[in-house]
Every structure is written in C-alpha cells, then in structure tokens.
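What follows is the residue order along each chain.
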Amino acid sequence: MKKLIPLLLIAPLLVSCSSDKKSVFHEDWVKDTNGFDILMGQFAHNIENIWGINEVLIAGPKDYVKYSDNYYTRSHINFESGKITIESISGTNPMASLREAIITTLLIGEDPGNVDLYSDANDINLSREPLLYGQVLDNTGQPIRWQGRAGTFADYLLKYKLHRRVSGMHVIWSVTIPMVPNHLNQRAHRYLPMVRRASDQYGVDVSLILAIMQTESSFNPYAISNSDALGLMQVVQHTAGVDVFRMKGKWGKPSRSYLLDPENNIDAGTAYLSILQNNYLGGITDPQSRRYAVITAYNGGAGSVLKVFSSNKDKAVAIINGMPPTEVYRILVRKHPAAESRRYLYKVDKAQRSYFRY
C-alpha cells in the first residue's frame, strides 16, 4: 500500500505567557491544526477516488509528491532513498503527461514557497540551477540544467525505461530515475553556507545542524509532515516557531511561507536548538550529556527528556550531572516513553558523526 502520510510527534508547547494569552493561543493552534487535518483528509480522499485505495501517495518529510494533469499524473522524489518515480493513469495521452512531468520534476527549484503540494496546480518554479542539478545524470552521464536536455532525457526514458503495471481498474505507466549515490552529501553541501551562518550566530555545532536536517528531511526543502512541521528542519509554527520568535523579540508565530524558505528554516531550527541547549537544558554541565538531551528534546520536548530522570526538573538535572554521558545516552534510548524519540537520538547521533569534518 502506497499510503505515505507520515506521523511526526508535535513537541510540547514551551512558551510562558498569561493564562488568557495561553487560552487564545491554544484555540488558534487547534483551529489551524484542525484546518490542516481537514485539508489533508480531503486531499487523501480525492487521491483515493482517482487512483484507488492502494495508491494513495502524499508528500511527507522525505517525500516530494506533486500531482498534475487533473491528478492523473504525479511525481515522487524520495530524498532518502534517492529514487524518482513519475507515474500516470491518464486515459488520453499518458506519454505526453509523463514527459511533461519528467521535465518539470528534473528542473524544479529549491524554493517551495509558491508550490501547493495539495493541488494539481501547475505552479512549479523552474530554476537556473535546479534543486536536483548534479544529483541526476542523463543517459549520457551529464547533469541536467536546461529544458532541452531534460526533454531529450525524458524521450529516452519513455522509449527505453517505460514500465506498465495494473492496480485495480487502472493501468499505471511509469518511469523511475535513480539519483547519484552521493545525492545526500550534494544537498548537504548546497545548504552548508546557510548552516555555517546559523551556527556562528547561535553557537550550535555545524555537525548537529546537518544531522538534524538529514534525519528530519534528508535535505528536502519541500518537507512537510501531517502535523504541519515544515521545511528542512521540520519546524512547527505553533511550538518551536513561537519560541524562536519570542527569542527574537517578536510576538506570534512564523508563517508557513517564512518557514518554507530554506534560509529562514535553518535559522529557526538552529535558534530552537540554541534555546534547548542554553535555556531549557542549560543546567546539564557535561557537553556530551547535554547534546544527547538536546537531540532527544528536539523531537519530543525538553520536559519529556527531564521526566525520564525525575518529575522534578532540578532533581532531573542533578541526576544527569551525576552520570557519565554514556549512561545518559543509554537511559534515553531505552527509557524515554516515546519510541520515536528513542530512535531519533540514535539516528541523529549516528548521522552527526559523519558530519564532524565540517
């Protein structure tokens, strides 16, 4: 079953304000979240009606999915596995629909601000240097920058790499395009200047920022979860976004378009990491232990990290400070109540080691 509607835990709200403001804020959060849930439900229902229940495919943190051709054609980029799949169930001219979708997908830009992944609108912004430039090579081994080369490659794929399968009542025509083996590192390098600026500004290690980005989105700037976490570092407007705006002396929350801008997203995600390491978990004295706590808190909240050790915050910090870092890590990956947070610490810690050279 192709249903890709990812689940991401929403971090606990970490904001102090008056009880009246808390109430209004909570009501707005519920209203916005319910609206997004309704949108997601309606969109999934529309796709199910057209493609069938076993073919529902929706964008996620590591999956770019864009429909076109009245929803009868779709492009899917899996940024984690490095595989691009273009499919069509068009009953009129599926080859033409596939060709157009292949070209558009190969040439998409890295700014997702104006792209609606929950419609079939032809709103893809092509770029002078596409997001996938260098990460996909054509049949002659060349990178694809311009429409002419993309069109020639699309013709090659349709002639030599076309696949046909049957799902329910539909014949599905498709082509699959592999990305180059080091596609992940290429995208990491693309964002490295932004990461370094944020690192210098907020005092967060470059390797940690990159590890969070890899784990959250595999460096997919179009990343969005069904909890409406947004962008490369999967920042949630209503939680981390509010904390970051308060840190910057702003009231309210960042907009979706703000957080879908790659530079803004990296800035916000890094600022939130600095809040965790300097404020909420700043009492942890050992840098390694604090790093483990910050990583886990980025996924599940600082409060849940401390409660693993004690229901009293000060006592929890004292207990952590009396342990070697290896024991702190062991406890968090074994005893944190959320399985996702336990796995998250393992994944980010492993990924960070590969970025220490930066």
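Source: prediction; values computed, not measured.

*Asks:* When you look at unusual backbone geometry in this model, what are you seeing that I'm missing?
*Replies:* Among all residues except glycine, the phi angle is most often negative; among peptide bonds, the trans geometry is most common. Despite not being glycine, Asn70 has its phi angle at roughly 55°, a positive value. Here Asn70 shows up in the loop between strand E1 (63–68) and strand E2 (73–78). If you check the backbone angles, Tyr71 has positive phi at about 75° while not being a glycine. Structurally, Tyr71 is set in the loop between E1 and E2.

*Asks:* How should I be thinking about the nonpolar core in this particular structure?
*Replies:* Generally speaking, soluble globular proteins have nonpolar side chains that are buried together. Ranked by internal contacts, the top residues of the largest apolar core, which has 101 residues, are Ile102, Val136, Leu210, Met213, Ile266, Leu273 and Tyr298. When residues of this core are assigned to domains, at least three fall in each of domain 1 (28–180) and domain 2 (183–354). Excluding residues that lie within four positions of it along the chain, Val136 makes contacts with Ile84, Leu106, Gln142, Pro143, Ile144, Phe153, Ile177 and Met179.

*Asks:* Honestly, the packing of helix H9 (residues 287–300) against helix H13 (residues 339–353) in this entry has me stumped. Any pointers?
*Replies:* Helices that pack against each other are described as a pair by the angle of their axes relative to one another and the distance between those axes. It is at 9 Å that the axes of H9 and H13 come closest, and there the two elements cross at 125°. As summarised for this structure, H9 and H13 are arranged oblique, according to the angle between their axes. Read as a crossing pair, H9 and H13 show a hand that is right-handed. Residue-level inspection shows Arg291, Tyr292, Ile295, Thr296, Tyr298, Asn299 and Gly300 of H9 in contact with H13, the latter providing Glu340, Ser341, Tyr344, Leu345, Val348, Asp349, Gln352 and Arg353. Of the residues belonging to the contact of H9 with H13, the class tally is six nonpolar, five polar and four charged.

*Asks:* What am I meant to see in the confidence of the model for the protein chain here?
*Replies:* When pLDDT drops low, the exact placement of atoms in the prediction is not to be read closely. Mean pLDDT over the protein chain: 89, with 89% of residues reaching 70 or higher. Low pLDDT (under 50) marks residues 1–31, which in the prediction has 62 contacts with non-local residues, meaning those over four places away or in another chain.

*Asks:* Would you take a moment to explain the side chain of Asp63 for this structure?
*Replies:* For Asp63, the location among the structural elements is in strand E1. As a buried residue without a salt bridge, Asp63 has its nearest oppositely charged side chain in Lys62, at a separation of 8.5 Å. For Asp63, the side chain forms a polar contact with the side chain of His76, separated by 2.7 Å. Here Asn78 takes part through its side chain, which lies 3.3 Å from a polar atom of the side chain of Asp63.

*Asks:* Looking at this structure, how should I read the packing of aromatic side chains?
*Replies:* Each pair of aromatic rings is reported with the distance of its centres and the angle of its planes. The final tally for this structure, using the stated rule, is 13 aromatic pairs. Arranged with centres 6.4 Å apart and planes meeting at 80°, the rings of Phe219 and Tyr355 form a pair that is edge-to-face. Within this pair, whereas Phe219 is found in the loop between helix H5 (206–217) and strand E6 (229–230), its partner Tyr355 is found in the segment after H13, the two being separated by 136 residues in sequence. With respect to burial, Phe219 and Tyr355 carry one shared label: buried. Across the ring face of Tyr133, the terminal group of Arg145 is positioned such that the distance to the ring centre comes to 4.3 Å.

*Asks:* Could you clarify how one ought to interpret the environment of Ser68 in this entry?
*Replies:* With respect to the helices, strands and loops of the structure, Ser68 is situated in strand E1. With 54 residues separating them along the chain, Ser68 and Asn122 place their C-alpha atoms 6.7 Å apart. The contact partners of Ser68, leaving out residues within four places of it in the chain, are Thr73 and Asp120.

*Asks:* Can you help me understand the sheet that holds strand E5 (residues 170–178) in this one?
*Replies:* Pairing between the strands of a sheet is mediated by backbone hydrogen bonds and can be parallel or antiparallel. If you trace the five strands from one edge of the open sheet to the other, you get E1-E2-E3-E5-E4, paired in antiparallel fashion. For this open sheet the edge positions go to E1 and strand E4 (163–167), each flanked by a neighbour on one side alone. Pairwise comparison of adjacent strand axes, ignoring direction, gives a mean angle of 20° for this sheet. As paired elements, E2 and strand E3 (residues 83–88) share six bridges and run antiparallel to each other. Directly across from Asn78, in E3, lies its bridge partner Lys83.

*Asks:* Can you walk me through the pattern of salt bridges in this structure?
*Replies:* Close approach of charged atoms lets side chains of opposite charge pair. On inspection of all chains with the given rule, the structure shows 15 salt bridges. The closest approach of N and O atoms between Arg190 and Glu129, which form a salt bridge, is 4.0 Å. Of this pair, Arg190 sits in helix H4 (residues 183–202) while Glu129 sits in the loop between helix H2 (94–106) and helix H3 (147–160), and the two are 61 residues apart along the sequence. Its relative accessible area of 38% is what places Glu129 among the partly exposed residues. For the salt bridge of Arg330 with Glu327, the shortest nitrogen-to-oxygen distance reads 2.7 Å. Residue Arg330 and its partner Glu327 are located together in helix H12 (residues 325–335), separated by three residues, close to a single helical turn. You can call Arg330 partly exposed: its relative accessible area is 27%. The class of Glu327 is partly exposed, set by a relative accessible area of 25%.

*Asks:* What exactly am I supposed to notice about H4 here?
*Replies:* Two residues of an α-helix separated by three or four positions point the same way, owing to the 3.6 residues in each turn. If you check H4, its first and last C-alpha atoms are 28 Å apart, about what 20 residues at 1.5 Å a residue would give, namely 28 Å. Of all the bends in H4, the greatest reaches close to 50° and is centred on Leu192; the proline Pro193 follows between one and four positions later. By the burial criterion, the buried members of H4 are His183, Arg187, Ala188, Tyr191, Leu192, Met194, Val195, Ala198, Ser199 and Tyr202. Buried residues along H4 sit against H5, helix H6 (240–247) and helix H8 (262–280). Positive phi shows up at Gly203, right after H4, with a value of about 70°.

About the criteria used
Along every chain, residues carry numbers that run from 1 in the direction the sequence is written. The model is predicted, so local features are restricted to residues of pLDDT at least 70 and side-chain atom pairs to those at 80 or more, both for listing and for counting; the totals for chains, interfaces and linings are taken over all residues. As a convention, hydrogens and water are excluded, and side-chain values are obtained from all of the structure's heavy atoms. For helices the rule is a DSSP run of H or I covering at least 4 residues; for strands it is a run of E covering at least 2, with both sets numbered from the N terminus onward. Residues belong to one nonpolar core when they are buried, are Ala, Val, Leu, Ile, Met, Phe, Trp, Tyr or Cys, and are joined through side-chain atoms within 4.5 Å. Only protein chains enter the area calculation, which uses a 1.4 Å probe; residues under 20% of their type maximum are buried, those over 50% are exposed, and those in between are partly exposed. As used throughout, domain bounds are those supplied by an automatic or database domain assignment. In this analysis, two residues are considered to be in contact whenever any of their non-hydrogen atoms come within 4.5 Å of each other. Think of each axis as a best-fit line through the C-alpha atoms, taken over the contacting stretch in the case of a helix, with angles from 0 to 180 degrees between the N-to-C directions. Under this scheme an angle from 65 to 115 degrees is roughly perpendicular, one under 35 degrees roughly parallel, and one over 145 degrees roughly antiparallel; angles in between are oblique. With the far helix as reference, a near helix turned anticlockwise by less than a right angle produces a left-handed crossing, and one turned clockwise produces a right-handed crossing. We call Asp, Glu, Lys and Arg charged. Ala, Val, Leu, Ile, Met, Phe, Trp, Tyr, Cys and Pro are nonpolar, and the rest, Gly among them, are polar. Known as pLDDT, the predictor's per-residue confidence is scaled from 0 to 100. For the charge count, each Lys or Arg is scored as positive and each Asp or Glu as negative, with His and the chain ends excluded. By definition, a salt bridge exists where a carboxyl oxygen of Asp or Glu is found within 4 Å of a side-chain nitrogen of Lys or Arg. Identification of polar contacts relies on pairs of N or O atoms within 3.5 Å, with a donor-acceptor requirement for protein atoms, meaning one able to donate a hydrogen and the other able to accept it, and with residues adjacent in sequence counted only if both atoms are side-chain atoms. In summary, the pairing rule links any two rings of Phe, Tyr or Trp, Trp by its six-membered ring, whose centres are within 6.5 Å, and it sorts them by plane angle into stacked for under 30 degrees, edge-to-face for over 60 and tilted for everything else. Two limits define a charge over a ring: the Lys NZ or Arg CZ must be within 6 Å of the ring centre, and within 35 degrees of the ring normal. The criterion for strand pairing is that DSSP finds at least two bridges linking the strands in question. By this rule the span expected of a helix is its residue count minus one, scaled by 1.5 Å. Working definition for bend: take the seven residues up to and ending at a residue and the seven starting at it, fit an axis to each, and measure the angle between the axes.

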